[in-house]
Amino acid sequence: MTPLNETHNPALRSWLASAHVAGCDFPLQNLPFAVFRRQGCAEAFRGGVAIGDQIVDLVALADSGTLAGLAQTACLAAAQSSLNTLMALGAEAWSALRLALSRDLREGALQQAAVQACLVPQAGVEYTVPARIGDYTDFYTSVYHATNIGKQFRPDSPLLPNYKWVPIGYHGRASSIAVSGQAFHRPVGQTMPPGATVPTVGPCERLDIELEIGIFIGTGNAVGDAIAITQAEDHVFGVCLLNDWSARDIQGWEYQPLGPFLSKNFASTISPWIVTMEALAPYRAAFTRPAEDPQPLPYLDSPANREQGALDLQLEVLLQTPAMRAAGQPATRLVQTNYRHAYWTIAQMVTHHTINGCNLQPGDLFGSGTLSGPTLDQAGALIELTQGGKQPVTLPNGEVRTYLEDGDAITLRGWCERPGAARIGFGECVGTVLPSKT
Ligand code: CA
């Protein structure tokens with residue numbers, strides 16, 4: 001795990017005033033990566049790093065002559081239309097670029113004028129998916145989510161016997177993962193209505209959100225080689241926000257015996273910004289298991305994982321309905337929770353995924369699974385918040401929701417803050433439901 005270094009110092013200040021605005025997600029201690037271009041032009045997408053309300057254009061920075069050595073190598077790798085090459089370079093290169101950017105963006109930096117010339121306002125850009133995602137694996141790491149969902153199907157034994165031993169996951173689909181701003185049509189599918197004997201085909205009637213984080217793999221492993229838990233985080237580039245939209249009625253009919261299929265692969269939305277594992281170092285937390293639960297098997301256990309395997313990352317879900325939008329009302333918060341409640345850590349996910357020799361590749365994406373906290377008001381999906389649709393949520397304007405309606409827009413936000421550290425944020429992950437095509 002990344003030790004704290006000078007880039008985490010909360011006293012650091014940038015020469016860019018917008019980096020110090022209260023509540024800014026992108027102070028000098030964050031420096032997350034995205035792939036962007038200016039709106040309304042045909043220029044190439046390329047890597048960028050957020051600072052305040054600006055982006056450091058990494059093509060311009062690589063051309064500016066301000067960097068040298070490994071930092072320049074990393075900058076050139078990130079100046080492409082996806083971050084896969086940078087991800088493949090490894091933690092030493094990511095860290096070299098972060099340190100160089102941190103020094104050049106600080107008050108008093110000799111390179112201020114040269115770096116200032118590389119800035120592009122965030123307000124005038126569009127983003128794309130920051131990596132070519134070869135494979136997408138979705139985990140199920142919230143024991144509260146697994147229990148809440150299990151109760152709806154098996155009230156007497158909500159949690160299946162493997163849950164506390166194995167990080168549960170399944171292989172998802174990468175082609176329909178899009179960046180924040182995604183608008184997608186309500187999926188059509190096959191469902192079996194209660195009491196019916198013949199299935200119906202039509203628009204999904206129980207369209208749901210899944211509040212997750214996305215974990216981007218950096219360096220991969222050769223097929224046949226497992227990644228030990230002591231090395232697992234060296235293979236992780238960073239973390240983004242992920243809304244893994246789900247069609248609950250389609251899921252309920254199709255999921256046995258092989259798991260979810262078309263109920264999950266029609267759209268997944270990620271935030272444009274990837275916050276690196278190095279930036280997250282000040283917000284790590286102890287990973288603990290209740291004494292009555294099985295402790296992780298030796299291959300899923302290490303002193304570092306116990307001491308700081310968890311991550312204190314605050315998360316929230318907001319909803320804006322079409323009526324709210326028409327009335328000029330802002331999105332309303334549905335849920336607030338924290339990633340530290342996860343039952344399995346990022347390192348455990350990486351290690352378990354490779355114990356059989358499965359090879360991970362730069363740009364692969366893991367979903368954490370829906371992140372629900374210990375109480376129902378911290379649930380990361382409507383199926384839990386509304387108890388299977390039985391308890392509708394009443395919004396401040398009097399509207400009610402059980403599942404999503406056409407035109408609803410969902411925003412995910414995430415941030416880390418802790419005494420003695422800067423507050424850093426993840427930006428937004430926004431997606432909108434369009435009517436079905438049939
Ligand atoms: Ca999911």
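Conventions we followed
Residues numbered from 1 in each chain as written. Predicted model: local features only at pLDDT ≥ 70, side-chain atom pairs only at ≥ 80, totals over all residues. Heavy atoms only, no water. Helix = DSSP H or I, 4+ residues; strand = E, 2+ residues; numbered from the N terminus. Contact = heavy atoms within 4.5 Å. Donors = N, O, S within 2.8 Å, 3.2 Å for Na, K, Ca; no water. 1 Å grid on protein atoms, 1.4 Å probe; cavity = no way out; pocket = protein on both sides within 12 Å on 5 of 7 lines; lining within 4 Å. Points joined across faces, edges and corners; volume = space filled by probe spheres on them. Nonpolar A, V, L, I, M, F, W, Y, C, P; charged D, E, K, R; others polar. Axes fitted to C-alpha atoms, helices over the stretch in contact; angles between N-to-C directions. Parallel < 35°, antiparallel > 145°, perpendicular 65-115°, else oblique. Phe/Tyr/Trp six-rings, centres within 6.5 Å; stacked < 30°, edge-to-face > 60°. Pairing = 2+ DSSP bridges.

Draft legend 1. Summary view of the environment of T337. Topologically, T337 is positioned in strand 21 (residues 332-338). The spatial distance from the C-alpha of T337 to the C-alpha of Q182 is 24 Å, given a sequence separation of 155 residues. Dropping the residues within four chain positions of it, T337 is found in contact with L211, L313, Q314, L315, L371, S372, G373 and Q378.

Draft legend 2. Representation of the coordination of the calcium ion within the structure. Donor atoms from the polypeptide that bind the calcium ion are D138 (OD), E210 (OE), E212 (OE) and D244 (OD), placed at 2.2 to 2.4 Å. In primary-sequence terms, the residues that donate to the calcium ion follow D-x71-E-x1-E-x31-D. Within this pair, whereas D138 is found in strand 6 (residues 136-139), its partner E212 is found in strand 13 (residues 211-217), the two being separated by 74 residues in sequence.

Draft legend 3. Quick peek at the environment of Y255. Mapped onto the elements, Y255 comes out in the loop between helix 7 (248-254) and strand 16 (268-270). Along the backbone, Y255 and A285 are 30 residues apart, and their C-alpha atoms lie at a distance of 35 Å. With near-sequence residues (within four places) excluded, Y255 lies in contact with F153 and P260.

Draft legend 4. Highlighting the layout of surface pockets. The space that makes up the largest pocket amounts to roughly 1200 Å³. Lining the largest pocket we find 45 residues, and of these I149, F153, Q251, G252 and Y255 sit closest to its centre. If you list the elements that add at least two residues to the lining of the largest pocket, you get strand 6, helix 6 (143-153), strand 7 (169-171), strand 10 (188-191), strand 11 (200-203) and helix 7. For the lining of the largest pocket, the leading source of residues is helix 6, giving six residues. By residue class, the composition of the lining of the largest pocket is 21 nonpolar, 15 polar and nine charged.

Draft legend 5. Summary view of the packing of helix 2 (residues 69-78) against helix 4 (residues 91-104). Remark: helix 2 packs on helix 4, axes separated minimally by 8 Å, with the N-to-C direction vectors making an angle of 100°. In terms of axis orientation, helix 2 runs roughly perpendicular to helix 4. Within the contact between the two elements, helix 2 uses L70, A71, A74 and C75 and helix 4 uses E92, A93, A96, L97 and A100. Among the residues forming the contact of helix 2 with helix 4, the class breakdown is eight nonpolar, no polar and one charged.

Draft legend 6. Representation of empty space enclosed by the protein in the model. Under the counting rule described, the total for this entry stands at one cavity of 30 Å³ or more. Space inside the largest cavity adds up to approximately 40 Å³. Around the largest cavity sit G309, A310, L311, Y339, R340, A342, W344, T345 and I346, which together line it. Here the residues of the lining of the largest cavity are counted per class, giving six nonpolar, two polar and one charged.

Draft legend 7. Local environment of the packing of aromatic side chains. Counted by the stated rule, this structure contains ten aromatic pairs. Both rings, one in Y140 and one in Y163, keep their centres 6.1 Å apart while their planes meet at 75°; by these two values the pair is edge-to-face. On the criterion of sequence distance, the pair formed by Y140 in the loop between strand 6 and helix 6 and Y163 in the loop between helix 6 and strand 7 is long-range, its members being 23 residues apart. Measuring from centroid to centroid gives 5.7 Å for Y343 and W344, while their planes differ by 80°, and the two rings are edge-to-face.

Draft legend 8. Structural context of the sheet that holds strand 25 (residues 409-416). With mixed pairing, five strands are arranged side by side in an open sheet as 9-26-25-20-21. Every other strand in the sheet has two partners, leaving strand 9 (182-185) and strand 21 as the edge strands with one partner each. Neighbouring strand axes in the sheet, compared pairwise and without regard to direction, differ in orientation by 20° on average.

Draft legend 9. Molecular detail of unusual backbone geometry. Residue P257 follows Q256 across a cis peptide bond; omega there is 5°. Positionally, P257 belongs in the loop between helix 7 and strand 16. Its identity as a non-glycine residue notwithstanding, L31 has a phi of 55°, on the positive side. Tracing the backbone shows L31 in the segment before strand 1 (33-38). Although it is not a glycine, Q387 adopts a positive phi angle of roughly 50°. Position of Q387 relative to the elements: it lies in the loop between helix 11 (382-385) and strand 23 (393-394).

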